[in-house]
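# Per-entry structural report
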Amino acid sequence: MQASVVPLNDCGPSDPTTMTHPIPSQSPPLALGAEPARILVVEDDAQMARMVQSLLASRLDCQITVANTGQEARRALKASLAPEAMPFDLVLLDMHLPDTFGREVLEWIRGHARLRYTRVIILTALTSKEELIAALSAGADDYLTKPFLQQELLARVETTLRSHEMEKQLEMQSRQLALLSQIGTRMVAKRNIDAVLDEAVDGVRLLLNTELGAIFFYEGRHQGLHCPRASSSSEEAPVFSVVPLGYGLISQVFSEQTPLRVDRPEEWPAFSPSFDAPRDIPVHNMLLAPLRAKQKCIGVLVAANRREGRFSESEFDLFKTLANAVSHAVENAMLFSHTVQQKRDLMRSRDRLQAVIDGIQHPIYTVDASWQVQAINQSQLDELPAGESPLGQICHRVFFGRELPCPACAVPIALEQGAMARWSDRSQVEDHQAREWEVTAYPIPAPRTERRQAVVVWEDVTEERRLEYSLLQAGKMAAIGQLAAGVAHEMNNPLSVITASAQMLKVVTDEASESYELVDLIDQASERAGNVVRELLDFARQKEYQFAETDINESIRQALTLVSYQLQTAGVQVDLSLTDDLPATTASAEHLKSVWINIMINARDALEGRDGERRLDITTRLAPEDGQLHVQFRDNGTGMSASEREHIFEPFYTTKEPGQGTGLGLSTSHRIIEQHTGEIEVNSEPGEGTTFVIRLPVSA
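Residues numbered from 1 in each chain as written. Predicted model: local features only at pLDDT ≥ 70, side-chain atom pairs only at ≥ 80, totals over all residues. Heavy atoms only, no water.

Before going further, it helps to spend a moment on the overall build of the chain. When its secondary structure is counted, the chain shows 18 helices and 23 strands. In the chain, which comprises 700 residues, the share counted as buried stands at 41%. (Helix = DSSP H or I, 4+ residues; strand = E, 2+ residues; numbered from the N terminus. Buried < 20%, exposed > 50% of the residue type's maximum accessible area, 1.4 Å probe, protein only.)

Structure representation (C-alpha cells):
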C-alpha cells in the first residue's frame, strides 16, 4: 500500500549531514501488519519532516501525517479518535516546538485516557542529559538524537511498530480468549440442544469475525450430514444441502476427524461448492473442526468468509478450542435431554403405577425397617383424618395410635427373610362393627447398601368372615330345627297320653274331692307343655308368609311363653300392658312372633349389663293419630349410641362379642315388618334404655 503524504510548507533541499547512507527508493515497502501503520511526525523543521516522511514511506507500509506545532499535533491526535478514523500507532515527537516543549505534548498524550498507550519516539538534539531523562521519565518509548542515521531511524521505528503490533495482537487474542470463555460458559449453561446450537453458530461469527457459521450433524437415516443451525450476516439464514458421506470438505473432516484451515477452497480437490457452501453464497475461506460426543464423531463445526483477510494460525487454534467447547456443550445437552426424557418416562411409569395402586380398594403402604411410612395409596389415605400426611411418620403410631409396633406385625420377618409374610388382624370401630383383615408384607428388592423396605397390603375380609359365620349359624339353626322337631315329636306322644288320662280321670272324679284338683293341675300342666311343644315346632318350621286375621296380643303372649325362661334367669321383670279389644290385623302370626322374640332377646342382653332393677315394658294400643296398631317394647338397659342406632338393622351388625350373636335378628325383623307394610323404629340413648315401636295396619 502506498503511503499517504501530507503536503508540507515550502522548504529547502534536504540537509546531507542528516541523511547519511541513503536507502534506494526502489526497495519494496515492509509490511508490519494486516493494516498500514499510522504514524504522526511532529517536527517544526519542514525540511526534516519531509525527509522523515519520504524515508518511512519508501520502506514501510504506512500512512504518515505531519504536524509542525504542538497544537497541530493535539488536533491530529484528537481527530484520530473519531469513530470513522483510525488511531495512530506511533508518534515521532520533536522535543522543541515553536509553541511548546515536546515533553508537554508527551505528558498530555500519557494523561489522555484513550491515547495513553500510543507509542512515542523522541527526536532531540540532546541539549542535556537531564532533558533526555525527563522525556523518558514522562513516558517516551525510545529516542533518536539528531543528526541520526537513516538505518537507525528505520530500525527504531520498525522495532517500535513491531512491538506495538504484537501488543495489539496480544490484546486481540486476550479479547478473543475472554470472548471464547464467555461463549463456552453460555453454551455450558444451556440445557436445550437448540439453544446450544444458537450460541455456537453466533459465537463462531462473533469470535472470528466471519460472515458464516454453521453446524452439521450426522444423520444415519439419510447417511449424510444435515445442517440444523446456520447463521450469517444477511437477514436470511443460509441454507445448506444435506452432505452425503464422501463428498466435500465437510464430509472429509467428519470421516477423518481432522480439523482444516482452508484459505482458497477452489484450490482444494475435495471442495464441493454444492455441499460445502450455502446456496447463492460463495465461500472464500473456511475453518472446519469435528464435533465429538461419547468418544465418537457426531458432526462438524464450520466458520467461513472472514471479513478481513485470511484466518491466522492463532484463530485456527481458537476455532479448534471452540469446537471442543461446542462438543462438550452438545454432549451435556444431549445427556440432559436424555436424563429429562428418562425422568419423564419414570414419572409416567410412576404415575401409572400409582394410579393402579390408588385404584385398589385395599389399603397399601410402604414402610422401612424403622417403621417409617415411605409411600401410601389413596385407600389407606382415606382412612386418615383429612389433611394429615403419614409420610415419614411411624406406621403403628399414625395408623393405629400405638407407641409400640403391632403385636402380630410380620414386617420384620419379611425384611429379614426377604420373603412374603402374612398375618391376620381384627379390630372394632366406634360403632362396634368388627373388621377383620388379612395382611401381607412383600419385601422390596434393593441393594444391601440401601434401606430395606416392604409393601404392606391390607385386605378387608370382614364380609367374607361374616358370611362364613352366618352360613355356620344357618347350619346350626337347621340342625337345631331338626332336633327340635324330633324332640317335639317324641314329647307329643307321652303328653297326649297324660292329657287324655287326666281328662278321663276328671270325668270319673268328684269335683268336690281333693283328687279332682290334683287331676285338674295335671291336665293344665300337660296343656301348657303341649303349647310349648307346638311353639317349638312352629319356630323350627321354615314357613312362608301366610297372612290371616291375627290377634296381636295373643301373638305377643305366645312369644313371651317361648322366652320366659331366658328372661327369668336374667332377672328381667316383664310388665305387660296389652289393650283389650284391639282390632285384628292381617299378618303372618308366626313371623310376627319371631319379631317379638328377637326384640325381647335383645332387651334381655342389654339388661344383663345393668345393675339394679331390670325392666321390660310391653304395651299395645290403637293409635288415634295414625289409626294403626302400635306395639312398644321398652327396657331400661345400657342403651345405644347414635352410630350404633344407624347400623342395628343392617345384616350381620352386632354389638355383642364374637360368638354371642349373628347380627341377623333385627335385620330379619325389619324385613318382616316391611313385608307387613308396617314400620319399625328405635329410640335410644347411652344409659337411658331402648324403645322399639312397631306400627302395623288394621285389617280392612
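From this point, the narrative continues.
This paragraph deals with the environment of Thr160. Structurally, Thr160 can be placed in helix H5 (residues 150–189). The exposure class of Thr160 is buried, given its relative accessible area of 7%. The spacing of Thr160 and Arg119 is 41 residues in sequence and 7.3 Å in space, taken between C-alpha atoms. Not counting residues within four places of it along the chain, the set of residues in contact with Thr160 comprises Leu90, Arg119 and Ile121. Side-chain polar atoms of Thr160 contact the backbone oxygen of Arg156, separated by 2.8 Å. (Contact = heavy atoms within 4.5 Å. Polar contact = N/O pair within 3.5 Å; in protein donor to acceptor, adjacent residues only side chain to side chain.)

Pairing analysis gives 6 bridges linking strand S18 (residues 573–578) to strand S20 (residues 615–623), with the strands arranged parallel. The residue of S20 that forms the bridge with Leu578 is Thr620. Where S20 meets strand S21 (residues 628–635), 8 bridges bridge the pair, whose relative direction is antiparallel. Paired with Leu622 across the two strands is Leu629, which belongs to S21. Hairpin connection, S20 to S21: the antiparallel pair is bridged by 4 residues, and Gly627 has positive phi, about 70°. (Pairing = 2+ DSSP bridges.)

Moving on to the sheet that holds S20. Judged by pairing direction, the sheet is mixed, and its 5 strands sit side by side in the order S18-S20-S21-S23-S22 without closing on themselves. The sheet terminates laterally at S18 and strand S22 (679–684), the two strands that pair on one side only. Mean inter-strand twist for the sheet, computed between neighbouring axes without regard to direction, equals 15°. Each of S18, S20, S21 and strand S23 (690–696) is contacted by helix H15 (residues 552–569), which is oriented at about 175° to S18, the strand it contacts most. (Axes fitted to C-alpha atoms, helices over the stretch in contact; angles between N-to-C directions.)

We now examine helix H18 (residues 665–675). Within an α-helix, residues lying three or four positions from one another point in the same direction, as the helix has 3.6 residues per turn. For H18, every residue scored as buried is listed here: Leu666, Ser667, Ser669, Ile672 and Ile673. Looking one or two places after H18, you find Thr677, whose phi comes out positive at around 55°.

Two orientations exist for strands paired in a sheet by backbone hydrogen bonds: parallel and antiparallel. Pairing is parallel across the open sheet formed by 5 strands, whose spatial order is S2-S1-S3-S4-S5. Across the chains shown, the open sheet's two edge strands, defined by having one partner strand only, are strand S2 (62–67) and strand S5 (142–145). Going from strand to strand, the sheet's axes swing by 20° on average, the running direction of each strand aside. Here 6 bridges tie strand S1 (residues 37–42) to S2, and the two strands are oriented parallel to one another.

What follows is about the pairing of strand S11 (residues 296–306). In regular strands, side chains alternate between the two faces of the sheet. Where burial is concerned, most of S11 is hidden: 10 out of the 11 residues are buried. Bridging between strand S6 (residues 210–219) and S11 involves 7 bridges; their strand directions are antiparallel. Bridge pairing links Thr210 to Arg306 in S11. With antiparallel pairing between neighbouring strands as the criterion, strand S10 (residues 286–293) and S11 make up a hairpin whose turn holds 2 residues, including Lys294 at a positive phi of roughly 55°.

Moving on, we come to the side chain of Arg119. By secondary structure assignment, the location of Arg119 is in strand S4 (residues 119–124). Among the polar contacts made by the side chain of Arg119, one reaches the side chain of Ser163 at a distance of 2.9 Å. Excluding residues that lie within four positions of it along the chain, Arg119 makes contacts with Asp89, Leu90, Val91, Asp141, Thr160, Ser163, His164 and Glu167.

This part covers the environment of Leu318. Topologically, Leu318 is positioned in helix H9 (residues 313–359). Judged by its relative accessible area of 6%, Leu318 is buried. Along the primary structure Leu318 and Gln173 are separated by 145 residues, whereas in three dimensions their C-alpha atoms are 9.0 Å apart. Not counting residues within four places of it along the chain, the set of residues in contact with Leu318 comprises Gln176, Leu177, Leu180 and Leu207.

To continue, consider the nonpolar core. Core analysis: the biggest nonpolar cluster contains 35 residues, and Trp596, Met600, Phe633, Phe692 and Ile694 have the highest contact counts within it. Those elements giving two or more residues to this core turn out to be H15, helix H16 (589–608), S20, S21, H18, S22 and S23. Top contributing element to this core by residue count: H16, with 9 residues. For Trp596, the contacting residues outside a window of four places in its chain are Ser555, Ile556, Ala559, Val631, Phe633, Ile694 and Leu696. In this structure, Met187, Ile215, Leu291 and Val326 belong to the second largest nonpolar core, which totals 30 residues. (Core = buried A, V, L, I, M, F, W, Y, C linked by side-chain atoms within 4.5 Å.)

Bringing the pattern of salt bridges into the picture now. Applying the stated rule across the entire model yields 28 salt bridges. Put simply, Glu315 and Arg306 hold a salt bridge, and the shortest N to O gap is 2.7 Å. Taken as a pair, Glu315 and Arg306 share a single burial class, namely buried. When the shortest N-O distance is used, the salt bridge between Lys506 and Asp523 registers 3.4 Å. In this pair, Lys506 is assigned in helix H13 (residues 462–508) and Asp523 in helix H14 (residues 514–540), connecting sequence segments 17 residues apart. For Lys506, a relative accessible area of 21% gives the class partly exposed. (Salt bridge = Lys/Arg side-chain N within 4 Å of Asp/Glu carboxyl O.)

With that out of the way, let us pick up H15. For H15, spanning 18 residues, the distance from its first C-alpha to its last is 26 Å, which sits close to the expected 26 Å at 1.5 Å a residue. The largest bend along H15 measures about 55° and falls at Val563. Among the residues of H15, those classed as buried are Ile552, Asn553, Ser555, Ile556, Ala559, Leu560, Val563 and Leu567. (Expected span 1.5 Å × (residues − 1). Bend = angle between axes of the 7 residues up to and from the residue.)

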